[in-house]
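Each chain, letter by letter, is given below.
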Amino acid sequence: MRNRVWIACIVTGLGVLLALTVKFLLPPCHAMLILVSGAQVPMKCHWSSQMIAGLGMLIACEGILLGVMQQVAARQTLGIVVTLTAVLTMAVPTVLIGVCDVAVMPCRAGMLPATLIIGVLIGLVGIGNTVYLWRSKASVVTGQS
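Residue indices begin from 1 for each chain and proceed along its sequence in written order. Where totals are concerned, whole chains, interfaces and linings use all residues; where local detail is concerned, this predicted model gives features only for residues with pLDDT of at least 70, and gives and counts side-chain atom pairs only at 80 or more. Side-chain descriptors were evaluated using all non-hydrogen atoms of the structure, hydrogens and water having been removed beforehand.

**Q** What should I look at first to understand the overall build of the chain in this one?
**A** Numbering of helices and strands starts at the N terminus; helices are DSSP runs of H or I of at least 4 residues and strands are runs of E of at least 2. Within the chain one finds four helices and two strands. Radius of gyration: C-alpha atoms only; globule rule: 2.2 Å multiplied by the number of residues to the exponent 0.38. Relative to a compact globule of 145 residues, whose C-alpha radius of gyration would be 15 Å, the chain shows 18 Å and is clearly more extended. Taking the principal axes of its C-alpha atoms as reference, the chain extends roughly 70 × 25 × 20 Å. By definition in these notes, contact holds between two residues if any of their heavy atoms fall within 4.5 Å. Here the contacts in the chain between residues at least 6 apart in sequence split such that 74% fall between residues at least 24 apart. With an accessible surface of roughly 8,200 Å², the chain has 74% of that area assigned to carbon and sulfur atoms. The accessible surface values rely on the Shrake-Rupley method and a 1.4 Å probe; as for residues, cover is taken only from the protein chains in view.

**Q** I tried to follow the nonpolar core on my own but got confused; where do I start?
**A** General note: in soluble globular proteins, nonpolar side chains tend to be found buried as a group. By nonpolar core is meant a set of buried Ala, Val, Leu, Ile, Met, Phe, Trp, Tyr and Cys residues that side-chain atoms within 4.5 Å join together. Only protein chains enter the accessibility calculation, which uses a 1.4 Å probe; a residue is then buried when its area is under 20% of its type maximum, exposed when over 50%, and partly exposed in between. In terms of nonpolar packing, the biggest core is built from 27 residues, with V11, C45, L66, C107 and I122 touching the most fellow members. For this core, the secondary-structure elements that each account for two or more residues are α1 (2-25), α2 (44-68), α3 (72-96) and α4 (106-142). Counting residues per element, this core draws most heavily on α1, which supplies seven residues. Apart from residues lying up to four places away in sequence, I122 is in contact with L14, G15, L18, I59, V82 and A86.

**Q** How do you make sense of the packing of α1 against α2 when you look at a structure like this?
**A** Angle between the axes and distance between the axes are the two parameters that describe a pair of packed helices. Under this scheme, a helix contributes an axis fitted over its contacting stretch, all axes are lines through C-alpha atoms, and angles between N-to-C directions fall in the 0 to 180 degree range. Where α1 meets α2, the axes come as close as 7 Å, and the angle between the chain directions of the two elements is 165 degrees. Taken together, the axes of α1 and α2 are roughly antiparallel relative to one another. The crossing of α1 and α2 is left-handed. Together, R4, I7, A8, V11, T12, G15, V16, L18, A19, V22 and K23 of α1 and S49, Q50, I52, A53, G56, M57, I59, A60, G63, I64, L66 and G67 of α2 make up the contact between the two elements. Looking at the contact of α1 with α2, its residues break down into 14 nonpolar, seven polar and two charged. For classification purposes, angles smaller than 35 degrees are called roughly parallel, those larger than 145 roughly antiparallel, those between 65 and 115 roughly perpendicular, and all remaining angles oblique. Should the near helix be turned anticlockwise from the far one by less than a right angle, the crossing is left-handed, and should it be turned clockwise, the crossing is right-handed. Throughout, the ten residues Ala, Val, Leu, Ile, Met, Phe, Trp, Tyr, Cys and Pro are labelled nonpolar, Asp, Glu, Lys and Arg are labelled charged, and all others, Gly among them, are labelled polar.

**Q** How should I be thinking about the packing of α2 against α3 in this particular structure?
**A** Close contact between α2 and α3 brings their axes to 10 Å; oriented N to C, the two are set at 170 degrees. In terms of their interaxial angle, α2 and α3 are classed as roughly antiparallel. Residues S48, M51, I52, L55, L58, I59, E62, L65 and L66 of α2 touch α3, and the partners they reach there are R75, L78, G79, V81, V82, T85, A86, L88, T89, V92 and P93. Residue composition of the contact of α2 with α3, by class: 14 nonpolar, four polar and two charged.

**Q** Help me out: how do you make sense of α2 in this one?
**A** Note that an α-helix has 3.6 residues per turn; residues three or four places apart therefore point the same way. Working rule for helices: expected span equals 1.5 Å times residues minus one. Between its first and last C-alpha, α2 extends 37 Å over 25 residues, near the 36 Å set by a 1.5 Å rise per residue. Considered for burial, the residues of α2 that qualify are C45, S48, S49, I52, A53, L55, G56, I59, A60, E62, G63 and L66.

**Q** Hey, could you run me through the side chain of Q76 in this one?
**A** Within the element layout of this structure, Q76 appears in helix α3. Residues contacting Q76, with those up to four places away along its chain left out, are T130, L133, W134 and K137.

**Q** Mind showing me how you'd approach a nonpolar patch on the surface here?
**A** A cluster of nonpolar side chains, contributed by V16, L17, L20, F24, L25, L26 and M57, occupies part of the molecular surface with about 640 Å² of accessible area. A per-element tally of the nonpolar patch places α1 first, with five residues. On the secondary structure map, L25 appears in helix α1. Exposure remark for L25: the relative accessible area of 58% places this residue in the exposed category. A patch is a set of surface residues, each over 30% in relative accessible area and not in a salt bridge, joined within 9 Å for like charges and within 5 Å for the nonpolar side chains Val, Leu, Ile, Met, Phe, Trp and Tyr. Think of a salt bridge as a Lys or Arg side-chain nitrogen and an Asp or Glu carboxyl oxygen that are within 4 Å of each other.

Here it is, written out as structure tokens:
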């Protein structure tokens, strides 16, 4: 019970922190790209932040589910899902959508490192919880305490 509540709070908190970081604490660039036609569109870091914020809220929901679920197998599966969602979150600004190329831009200097750090923390918590539950389940099956 104690593990379930702690892990749920940590995952939920990190998911909310991720969403708040890219929206308010370390937001992306506010500059607009001017197309040849004269139209203005947001830079790609804007779209990365939108996706990361959505994934942060998804991770927070996964954390809530970790607290609600009582079956060990369901929590193990959710731990794997949390880890995969964290990997996807880290892939958005690095591989999938990207951020600005200039090193001094706010998205490259603030949003990208913060996203990667929080993503690694979420991934480690997901892996740690899955391994912990797997070991505790294995010890119950074998009769060890």
